[in-house]
Amino acid sequence: MRSVRAHPLQHLLAMIGALGFVAATVAIAWALGWITDNVILANPSERGSPTLAALWVIGISLVSGISVLARRLFLSMAELRTQRDWRRGLLHRYLDVPMDFHRRRDPGELLAHVDSDVNTATTVLKPLAFAVSVVVLVLVTMVALFAAHPLLALIAAVVFPALALISRVYTRRVEAPSAEVQRRVGEVTEVAHESFDGAVVVKTLGREPFEVERMRAASRRLSDERIRVGRMRAAFEPAIDALPTVGAVALLLVGAWLVGRGQATPGDLVLAATLFSLLAVPLFIVGFFLEELPRSVVSLDRVDRVLDEPVAASPSTSRSLPADGPLDLAIEDLAVGYGTRRVLDGVTLRVRAGERVALVGATGSGKSTLLETVMGLNEASHGAIRLSGVDLGSIHPDELHQAAALVFQEAFLFADSVAENVDLRSSGAPVVSGAPVAAAAPRRDVAAALDTAAASDFVARLPDGDLTVVGERGLTLSGGQRQRVALARALVRDPRLLLLDDATSAIDPVVEARILDRIGSSLDTTMLMVAQRISVIELADRVAYLAGGRIVATGSHAELLQRDDYRSLITAYEQAAVP
């Protein structure tokens, strides 16, 4: 019904085609019965026109063919458009849900939802109109058989309910195994995705045999579940297929007996046998519809679980940030958790406009989580974040993304040119959200961003300069080169709040210092940067020390060195930096 409501015209036209086929089926059966009695067996003086009879058969066949064409065409359109709608819905939801959703799910599972689950969920749409029309055909057949003789109708009254009962039993028994099959499909997709995505790790550690074995084991489990479902189908499908044939044989035997007794005409028998034989294929399709229904229901449930994931509500009343200048950042009593684990608990921090603050803390202290939450990627369970006095929740996402930029330690690059990785707005990708997209940056701005990020020299040495296409995830570049391109991606937007999550950790310390100096001199921005190197910490105007999920101290680097725990952490950083 969701597909019918979304695409009513296609389903309506398909239903008209299906009912046209029903009418043609009944008409051809009636025509053959009439021809038997009035053309083939009739006295010569009372015989009808064979030419007229042939024209009737040809005309009815044409109507039947056109009806089948209309039904298949419009149901295919409805099925494909429904797949498109659900895939778009999944894509939007993947983009809109908080990052915690993606942390709880493997990419392989998400790919399985978009691919196999959507395909399986829409499998029942193609035979839908035909299955509904067959119900009408069965009712008409029952009336025609009863008109010919009640005994003939009695045979159909036994066969059709028996067929429905067998299909219902099969549907109930196969539902749970079908759900397990879909889960195993996601498992296989997940293993494949991890193996391909981690190809470098697999090859460098010589894990090829282990990955092959993982795939073999996952495929074996999928195969076992599919064989289990196949055995059920093998047990039930022959009965579903055989029932109409058994009914047709019984009908012929009873009908011949009735004709011999003069209680029915040969035309009545031909009409009844034709209807029964023509019902064999439609009833098989109804059986297929009922067989596929459990798998479709299971797959749609998996899709719906994603579509039902809550997303952050759009601000009911948007407030705009100041027109220009660096942004002031105020974090008050912020609490953030992943599931039941509290990562940040009572974080309070103020970063003044234009200030450069280094965020220092031990591994796992919540530094990355804090920066992600400021960018709106995590939902806070408590507290508030304000940019220049404007609550983060009341800022339109498009405005936030234009005003603030976050650069991660793990730089992700697309398999595209360097220039297009810096200015993603120039890549020509379609707009999926319907929101307006900022115009592409001029080439001079891309070049300036690369220069500020100290990437111009190595980019100029690439085969095609900034038009060189980098590999998947940018693996054709070194770690430091990827970080500089990712940093240029943030700088080209001219952000007024720049968040650096240890974004220069793979860059030479001398180059790193030069980059931070260039950012300070060329960009009017506020900076909050996760730092581990002493050289970076000393460049900051102020240091915020994060421990135990909260800011325990702020001040200059020299002032914080008076704390034993901070001094121990800095000493560990220094020792780790020694080659």
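Scroll up a little and you will see the structure.
Given the structure is predicted, the values throughout are model-derived calculations rather than measurements.

A. Quick peek at the pattern of salt bridges. Within this structure, the stated rule accounts for 20 salt bridges. For Arg105, the salt bridge is made with Glu309, and the minimal N-O distance between the two is 3.3 Å. Note that Arg105 is positioned in the loop between α4 (99-103) and α5 (107-121) and Glu309 in the loop between α10 (266-307) and β1 (329-338), a separation of 204 residues in sequence. Its relative accessible area of 18% is what places Arg105 among the buried residues. Glu309 gets classed as buried once you look at its relative accessible area, which sits at 15%. With a shortest N-O distance of 2.8 Å, Asp328 and Arg350 are connected by a salt bridge. Of this pair, Asp328 sits in the loop between α10 and β1 while Arg350 sits in strand β2 (residues 341-351); the two residues are 22 residues apart in sequence, bridging distant segments of the chain. Given the relative accessible area of 12%, Asp328 is considered buried. Arg350 sits in the partly exposed class, given a relative accessible area of 48%. Among the charged side chains, a salt-bridge network with shared partners connects Glu180, Arg184, Glu187 and Arg221.

B. How the structure looks around the pairing of strand β10 (residues 550-555). Bridging between strand β9 (residues 542-547) and β10 involves five bridges; their strand directions are antiparallel. Bridge pairing in β10 links Tyr545 to Ala553. What sits between β9 and β10 in their antiparallel hairpin is a turn of two residues, with Gly548 showing a positive phi close to 65°.

C. View of the sheet that holds strand β8 (residues 526-530). On the basis of which strands lie adjacent, the open sheet formed by six strands has the order β6-β7-β8-β3-β9-β10 and mixed pairing. On the outer flanks of this sheet lie β6 (404-407) and β10, each paired with one strand and no other. Between one strand axis and the next, the sheet turns by 20° as a mean value, whatever way the strands run. Sheet analysis places strand β3 (residues 356-361) next to β9, joined by five bridges and oriented parallel. The residue bridging Val357 from the neighbouring strand is Arg542, located in β9. Its contacts with the sheet place helix α11 (residues 367-374) against β3, β6, β7 (497-501), β8 and β9, and it is angled at close to 150° to β7. Running at roughly 175° to β6, helix α16 (residues 479-491) makes contact with β6 and β7 of the sheet.

D. Structural detail: the packing of aromatic side chains. Going through the model one piece at a time under the given rule, you end up with five aromatic pairs. Relative to Trp56, the ring of Trp30 has its centre 6.0 Å away and its plane inclined at 35°; by these criteria the two rings are tilted. With Trp30 in helix α2 (residues 8-40) and Trp56 in helix α3 (residues 50-96), this pair connects stretches of sequence that are 26 residues apart. Assessed through its relative accessible area of 46%, Trp30 is described here as partly exposed. The partly exposed category is assigned to Trp56, whose relative accessible area is 32%. With centroids separated by 5.1 Å and ring planes inclined at 80°, the aromatic side chains of Phe412 and Phe414 adopt a geometry described as edge-to-face. By the ring-pair criterion, three or more aromatic residues cluster together here, those being Trp30, Trp34 and Trp56.

E. Fine view of the nonpolar core. In terms of nonpolar packing, the biggest core is built from 51 residues, with Val422, Leu498, Leu500 and Ile519 touching the most fellow members. Top contributing element to this core by residue count: α16, with six residues. Grouped together as the second largest cluster of nonpolar side chains are 34 residues, Val343, Leu349, Ile395 and Val530 included.

Reading the values: the criteria
- Residues numbered from 1 in each chain as written.
- Predicted model: local features only at pLDDT ≥ 70, side-chain atom pairs only at ≥ 80, totals over all residues.
- Heavy atoms only, no water.
- Salt bridge = Lys/Arg side-chain N within 4 Å of Asp/Glu carboxyl O.
- Helix = DSSP H or I, 4+ residues; strand = E, 2+ residues; numbered from the N terminus.
- Buried < 20%, exposed > 50% of the residue type's maximum accessible area, 1.4 Å probe, protein only.
- Pairing = 2+ DSSP bridges.
- Axes fitted to C-alpha atoms, helices over the stretch in contact; angles between N-to-C directions.
- Contact = heavy atoms within 4.5 Å.
- Phe/Tyr/Trp six-rings, centres within 6.5 Å; stacked < 30°, edge-to-face > 60°.
- Core = buried A, V, L, I, M, F, W, Y, C linked by side-chain atoms within 4.5 Å.

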